[in-house]
Amino acid sequence: MRRISILGATGSIGQSTIDLIKRDRDAYDVVALTGGRNVAQLANDAIALQAEVAVISDESQYGALRDALAGSGVVAASGARALQEAASRPADWIMSAIVGAAGLPPGLEALKHGTTLALANKESLVTAGPILMQRAADHGARVLPVDSEHSGIFQALIGEDIATVERIIITASGGAFRDHPLDRLNDVTVAQASCHPNWDMGQRITIDSASMFNKALELVETKEFFGVRSDQIETIVHPESLIHALVGFNDGALMAHVGPPDMRHAIGYALHWPDRRALPVDRLDLAQIGQLNFRAPDPARYPALALARRVMEEGGLAGAAFNAAKERALDAFIAGEIGFMDMARVVCVTLDKMSARDGLQNATMTLDTVLDIDRLARIRAGEAIKMTGH
Ligand code: NDP
């Protein structure tokens, strides 16, 4: 039996992971499941999977979780410390699927114990890629990519020498507004931004897909995970979302990863790695699909992509500032405080201020400095939001 834990079990990735686990229930011992605020979902799954412990991050929900788990044999816990404790429990495989920078500390904790980390939480690599990869190396732990693009790149690289890679192309659907009139983009609503044309995902990543902040995070994630230069990484709009990524080699060959837009493929691949097992995802009918389309991303529509280039070039703590400013700007958009295109303006102003004043490039990267910059960037982004507010 493999011992597994799921951080962010109540979210979209967490639920897809649980779906796969439930289909092969006897193969797994579930150690810990964690959620942010959704007590009902967490308790249901923890009981169904007979987890050792269920952790709800929001401490005010502890009583509700304890009551929901009464008599089930599942231990209830809450708060940041309990989350770290859950990540430190002996396990063979941990899914890191908390959204945002909050996913970084428990992921690092899991690696300290040599646990294989299936990494959906891209923010960990964007904010602290070098720390995360070093932590894994120090403890002989494996990080497996779960983002569909990165899983695709990882699979295209099997048996290949990374030195022969010329370029990596990650595809983007273009999000909810790829054909929306540019001059009306700032006025789109949260509800409109929360609908993805192809993928069914959590609200935050769906809005980030519409703004391409999600792709911006993925560019940085690619650089950190695969150790390639930023000028080797490209993005292309591919409205069908069937090709997830392509790797270009020095002989001109392009290896593409093609599959249906269903996260259970990338999750299942990481779950069974290094084996390939049957997965309950649709098989593509290429004749019915007929054609695949590609277009260059419009920089005016997707300013987040240029910001990602800047972050990759600056390096250091720029990723932590970028991600925190993006998270704060996204909160403000969801709360109706700023318009859709204002998110990129807020992030840009925050980076300008912080690069000049707070020495993002030259600061030493430790978990503490990353968390300090994260806090500071949220404050600076808050100031920028006040100036921008509509
Ligand atoms: P969701 O918003 O659906 O779920 C997020 C999870 O994190 C939930 O379990 C939520 O708990 C929990 N959570 C939220 N805030 C906190 C916090 N401060 N502390 C602890 N737990 C918290 O997100 P997704 O599943 O869509 O995404 C998860 C991660 O995977 C993100 O980093 C995303 O970028 C990445 N990813 C997602 C993909 C997708 O298809 N969804 C694809 C590729 C990557 P609760 O709901 O109980 O409040």
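Above this note sits the structure.
The rules we used
- Residues numbered from 1 in each chain as written.
- Predicted model: local features only at pLDDT ≥ 70, side-chain atom pairs only at ≥ 80, totals over all residues.
- Heavy atoms only, no water.
- Helix = DSSP H or I, 4+ residues; strand = E, 2+ residues; numbered from the N terminus.
- Buried < 20%, exposed > 50% of the residue type's maximum accessible area, 1.4 Å probe, protein only.
- Expected span 1.5 Å × (residues − 1).
- Near = heavy atom within 4 Å.
- Polar contact = N/O pair within 3.5 Å; in protein donor to acceptor, adjacent residues only side chain to side chain.
- Areas by Shrake-Rupley, 256 points an atom, 1.4 Å probe, with all protein chains shown as cover.
- Pairing = 2+ DSSP bridges.
- Axes fitted to C-alpha atoms, helices over the stretch in contact; angles between N-to-C directions.
- Contact = heavy atoms within 4.5 Å.
- Parallel < 35°, antiparallel > 145°, perpendicular 65-115°, else oblique.

Peer 1: Lay out the environment of G140 with the relevant residues and their values.
Peer 2: Within the element layout of this structure, G140 appears in the loop between helix 6 (122–138) and strand 7 (143–145). Classification of G140 as exposed rests on a relative accessible area of 68%. Sequence separation between G140 and T115 is 25 residues, and the spatial gap between their C-alpha atoms is 8.6 Å.

Peer 1: How would you explain helix 14 (residues 318–334) if you had to name every residue and give the values?
Peer 2: With 17 residues, helix 14 should cover 24 Å at 1.5 Å per step; its first-to-last C-alpha distance of 24 Å lies within 8% of that length. Of all 17 residues that make up helix 14, 14 are buried, and the element is covered over most of its length. Remark: G336 follows helix 14 within two positions and exhibits a positive phi of approximately 80°.

Peer 1: Quick one: what's the story with the environment of A306, residue by residue and with numbers?
Peer 2: The topology assignment puts A306 in helix 13 (residues 304–314). The sequence separation of A306 and A216 amounts to 90 residues, and the corresponding C-alpha distance is 8.1 Å.

Peer 1: I'd like a rundown of the site of the ligand, residues and numbers included.
Peer 2: Taken together, 24 residues lie around the ligand, and T10, S12, G36, E123 and D147 are the ones closest in. Contact between the ligand and G11: an oxygen atom at 3.1 Å from a main-chain N or O atom of the residue. In the model, an oxygen atom of the ligand is placed 3.2 Å from a nitrogen or oxygen of the G202 main chain. Relative to its unbound accessible area of 900 Å², the ligand is 82% covered by the protein chains.

Peer 1: With reference to specific residues and values, describe the sheet that holds strand 8 (residues 165–172).
Peer 2: Strand order across the open sheet formed by four strands is 9-8-10-11, with mixed pairing between neighbours. Sheet topology places strand 9 (233–237) and strand 11 (254–258) at the edges, where each strand pairs with a single neighbour. Across the sheet, the axes of successive neighbouring strands diverge by a mean angle of 20°, strand direction being ignored. Bridge analysis of strand 8 against strand 10 (residues 243–249) gives five bridges, and the strand direction is antiparallel. Across the sheet, the residue bridging to R167 is G248, located in strand 10. Here helix 7 (residues 148–156) sits on the sheet and contacts strand 8, strand 10 and strand 11; the angle it forms with strand 10, its principal contact strand, is near 40°. Where helix 10 (residues 213–226) meets the sheet, its contacts fall on strand 8 and strand 9, and the angle it forms with strand 8 comes to roughly 150°.

Peer 1: Talk me through the packing of helix 13 against helix 14; I want residue IDs and the actual numbers.
Peer 2: Two elements in contact, helix 13 and helix 14, have axes whose closest approach is 8 Å; the angle formed by their N-to-C orientations is 150°. On the basis of the axis angle, helix 13 is roughly antiparallel to helix 14. Each of L307, A308, V311 and E314 in helix 13 lies in contact with helix 14, whose residues at this interface are A318, G319 and F322.

Peer 1: Hey, could you go over the sheet that holds strand 6 (residues 116–119) for me, with residue numbers and the actual values?
Peer 2: Spatially, the seven strands line up as an open sheet ordered 4-3-2-1-5-6-7, and their pairing is parallel. Where the open sheet ends on each side, the last strands, each with one partner, are strand 4 (75–78) and strand 7. If you compare each strand with its neighbour and ignore which way they point, the axes differ by 20° on average. Contacts between helix 11 (residues 264–272) and the sheet are confined to strand 1 (2–7), strand 2 (28–35), strand 5 (93–96), strand 6 and strand 7, with strand 5 contributing the most and set at about 155° to the helix.

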